[in-house]
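For reference, the chains in residue letters:
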Amino acid sequence: MSHDDLIDHLVRSTPLSRGEAGRVVLDVLAYFDETTEEFVRRRHRELQSGGLTNADIFERITAELPYRAVAPPELSLRQLRRIVYG
């Protein structure tokens, strides 16, 4: 899929070169291509490495999920734990 229009816009509106803008677009698309499960696992690892407790981590993940590119259904704490720990 070509994203030339978006890349052209970024080149016009930022100091990015065409190559840099292309890499940014691909990076953002990959970020939003994560499944809900991948997102939950990644955020759990990131927040855990920042010293947060599971209670705080799952509260934060619950608050972040509705703002994903395609908001997943609301997940319970039990569902979040099952994603992380199986």
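Residues numbered from 1 in each chain as written. Predicted model: local features only at pLDDT ≥ 70, side-chain atom pairs only at ≥ 80, totals over all residues. Heavy atoms only, no water.

(A) Molecular detail of the overall build of the chain. Scanning the chain from terminus to terminus reveals 5 helices and 0 strands. In the chain, the succession of helices and strands from N to C terminus is α-α-α-α-α. In terms of C-alpha radius of gyration, the chain reaches 17 Å, well past the compact-globule figure of 12 Å for 86 residues. With respect to the principal axes defined by its C-alpha atoms, the chain has extents near 45 × 25 × 20 Å. (Helix = DSSP H or I, 4+ residues; strand = E, 2+ residues; numbered from the N terminus. Rg over C-alpha atoms; globule rule 2.2 N^0.38 Å.)

(B) Seen up close, the environment of Asp5. With respect to the secondary-structure elements, Asp5 resides in helix H1 (residues 4-13). Here Asp5 falls in the exposed class, since its relative accessible area comes to 63%. The spatial distance from the C-alpha of Asp5 to the C-alpha of Asp33 is 20 Å, given a sequence separation of 28 residues. (Buried < 20%, exposed > 50% of the residue type's maximum accessible area, 1.4 Å probe, protein only.)

(C) Up close: the pattern of salt bridges. All chains considered together, the criterion is met by 7 salt bridges. The partner of Arg43 in a salt bridge is Glu46, and the shortest N-O contact between them spans 2.7 Å. Taken together, the positions of Arg43 and Glu46, both in helix H3 (residues 36-49) and 3 residues apart, correspond to about one turn of that helix. Residue class for Arg43 comes out buried when judged on its relative accessible area of 14%. In this structure, a network of salt bridges that share partners links the residues Glu34, Arg42, Arg43, Glu46, Glu64 and Arg68. (Salt bridge = Lys/Arg side-chain N within 4 Å of Asp/Glu carboxyl O.)

(D) Up close: the domain arrangement of the chain. We note that the domain assignment places domain 1 (3-33) and domain 2 (36-85) within the chain. If you average the C-alpha positions of domain 1 and of domain 2, the two centres end up 28 Å apart. (Domains from an automatic or database assignment.)

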